[in-house]
Amino acid sequence: MTVYNDDTANDVSVRTPSRLDPETPEKPYLDSNELIINMGPQHPATHGVLRVILKLDGEKVLGTECIIGYLHRGVEKIAENRTYTMFNPYVDRMDYVAAVSNGLGYCEAVEKLMNVEAPPRAKYIRVILTELNRIASHQLWLGTHALDIGAMTPLFYTFRDREEILKIFEKYCGARLTTHAFRIGGCQYETYAGFEKDVKNFLTFVAPKIDEYEELLTTNRIWLERTKNVGVISAADAIALGVTGPVLRASGVKWDLRKAQPYAAYSDFEFDIPIGENGDTYDRYLVRMAEMRQSLRIIEQAVNKIPEGPIMGKVPKVIKPPVGEIYHSIEAPKGELGYFIVSDGSTQPYRLRVRPPSFVNLQALDIMVRGLLVADVIAVIGTIDIVLGEVDR
Amino acid sequence: MAEEVKSPAPPPPEGENKPTAEKPVAAPPAAAAPPAAPPKPAAPAKPAGPVPLPWTSPLVEKYRSQYGSALDAQTYLGQNYLSVDRSLIPDILRLLRDEEQFDYCVDITAVHYPKREKQFDVVWILYSFPRNERMRVKTQIADGASIASSVSIWATANWLEREVYDMFGIQFDGHPDMKRILLPDGWKGHPLRKDYGILQQDKEWVQINLGIESGQ
């Protein structure tokens, strides 16, 4: 910890220029006279290896700088050196708590580039698994976020219930986290006998559990104190910062790619887009809780009318998309997950760019925590719901 | 993505409809090929997928009359993109945000074509909430050249441009904090360039900072 003391510098307005205002140049941290402390990268509340340099005035946060890249594996470079099929499992390692979503986005992007489509049954299986994964991701978020804030019980509850989802994944494809569930053109595996029953049982099992989480937190006085009006971001700022997913919706923007530009089979289902009003940590909590319930609705509809038929579309053994480029994005649990693929007509992507929601959302941390206390920084990091594997890729 | 993907893929005429010099001529990424100025017909004529078509819309007409040949509009698989001259870059992005409501900059990235004279494509992926429409803006720049930053247009460009700089070495003029983001500050080389090998690393940096011979 480095301490810089100078009691003359008290003009906060000068020291905290809005980063959204291009006219005010950034001041380097070291020339000013605040307390500068380092948080992370090895810190349990940073959800991985995020390092944040905090500029403080007492306990008040004047500014932050995120240092990321500790988990950088060069996923985009790897993609250029692998065939389309070989690269498929790598995408699971980005957002490893929502691996199914990553796979869905990647497979759909390549399918689009090749101008093929997955058969309806495959699309329904994809929707069911992706929505299960969204619930699992939100449960993990809730557990760790509540733990950061000091409520330990939800962690045990959510992990207990998330286990049921992972069991379904394990029975479906043999893996629990990095599932590699989908293939370019459809799914590799047909559902196992009893899949639909398992999913239906899960729906009846988890619905009261979500009420249980809410019972613990929604009206909990401590939870309200710690989350209300903490980490507020306005809709305009969120859009300017490219923030997507629940964080954007909690600021009141009713935008969800599943509705705005439906992919997979989402246009077949009825569901609502929950939105918040204030854009604070509490609203983001409510939005995610409501989203879990909407996911249950989607899964219920999907599992009840899952069509029969093939699960693999007509794709050649060797994936060789024509020369061209495509951008395709999906609504991952954390926001817009996009793949921009440039093909040169060979079996390997010429360039593959991942547009990671966590990376872009994390950029909003700075304006969200300004003026708050150090303890709130922990709450805000939790509420953005980042996964460092995806931030760093 | 605004329009639906054209379901009956138009039977492609032989060769490209509107050959653009920026398309990677079918060649493996690392292999040597002649400096690719003349567009070749796609090597085997059998699958030849859809081809980029001219994109016509009021938006394009408006800017074409304003900027003329510095701007080229195409659509591929239902996705629209504008290829513009580098000199137009800050202006046209600002116009797209202010006049055409492209208020959300989804992504900024680059593509490296080492055999081309202007080696890099810089790509902006934009989305408009009011129009529910996506488009891309592309420009070509030479190695070592810089390009105007769009941080003042979309705040999100800050990290995205830093990543492009980190990975490709493209400098953005007017960026408030132009430095590496994923790799360590002292690292040499820009890994997503095509001349950077997949096992290559900054051995010196690894030696000094990690005290080992190799990071592998």
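Nothing here was measured: the structure is a model prediction, and the numbers come from that model.

Colleague: Provide a residue-level description of unusual backbone geometry, including the pertinent values.
Modeller: Residues and elements named next belong to chain B. One non-glycine residue, Leu 77, lies in the positive phi region at around 55°. The topology assignment puts Leu 77 in the loop between strand S2 (71-76) and strand S3 (79-84). Positioned with a positive phi, Gln 101 is a non-glycine residue whose angle comes to about 65°. Structurally, Gln 101 can be placed in the loop between helix H2 (89-98) and strand S4 (104-112). According to the C-beta neighbour criterion, Gln 101 is partly exposed, with 15 such atoms within 10 Å.

Colleague: For helix H3 (residues 157-168) of chain B, give the residues involved together with the corresponding values.
Modeller: Note: α-helices contain 3.6 residues per turn, so residues at a spacing of three or four share the same orientation. Taking 1.5 Å per residue, 12 residues should reach 16 Å; H3 of chain B reaches 16 Å between its end C-alpha atoms and fits that length. Among the 12 residues of H3 of chain B, 12 are classified as buried, and the element is accordingly described as predominantly covered. Listing the buried residues of H3 of chain B in full gives Ala 157, Asn 158, Trp 159, Leu 160, Glu 161, Arg 162, Glu 163, Val 164, Tyr 165, Asp 166, Met 167 and Phe 168 of chain B. Buried-residue contacts for H3 of chain B involve helix H13 (357-362) of chain A together with S4, strand S5 (120-128) and strand S8 (171-173) of chain B.

Colleague: Before we move on, could you go through the sheet that holds strand S7 (residues 335-343) of chain A and cite the residues and values that matter?
Modeller: Residue and element names in this part refer to chain A. Read from one edge to the other, the open sheet built from 3 strands follows the order S6-S7-S8, with strand pairing classed as antiparallel. Edge positions in the sheet fall to strand S6 (324-332) and strand S8 (349-355), since each of these pairs with one other strand and no more. In this sheet, neighbouring strand axes are inclined to one another by 15° on average, regardless of whether the strands run parallel or antiparallel. Judged from the 6 bridges that link them, S7 and S8 form a sheet pairing that is antiparallel. Across the sheet, the residue bridging to Tyr 339 is Val 354, located in S8. Together, S6 and S7 form the strand contacts of helix H4 (residues 99-114), whose direction differs from that of S6 by roughly 150°.

Rules behind the numbers
- Residues numbered from 1 in each chain as written.
- Chains lettered and ligands numbered in written order.
- Predicted model: local features only at pLDDT ≥ 70, side-chain atom pairs only at ≥ 80, totals over all residues.
- Helix = DSSP H or I, 4+ residues; strand = E, 2+ residues; numbered from the N terminus.
- Buried ≥ 20, exposed ≤ 12 C-beta atoms within 10 Å, placed from the backbone.
- Expected span 1.5 Å × (residues − 1).
- Contact = placed C-beta atoms within 7 Å.
- Pairing = 2+ DSSP bridges.
- Axes fitted to C-alpha atoms, helices over the stretch in contact; angles between N-to-C directions.

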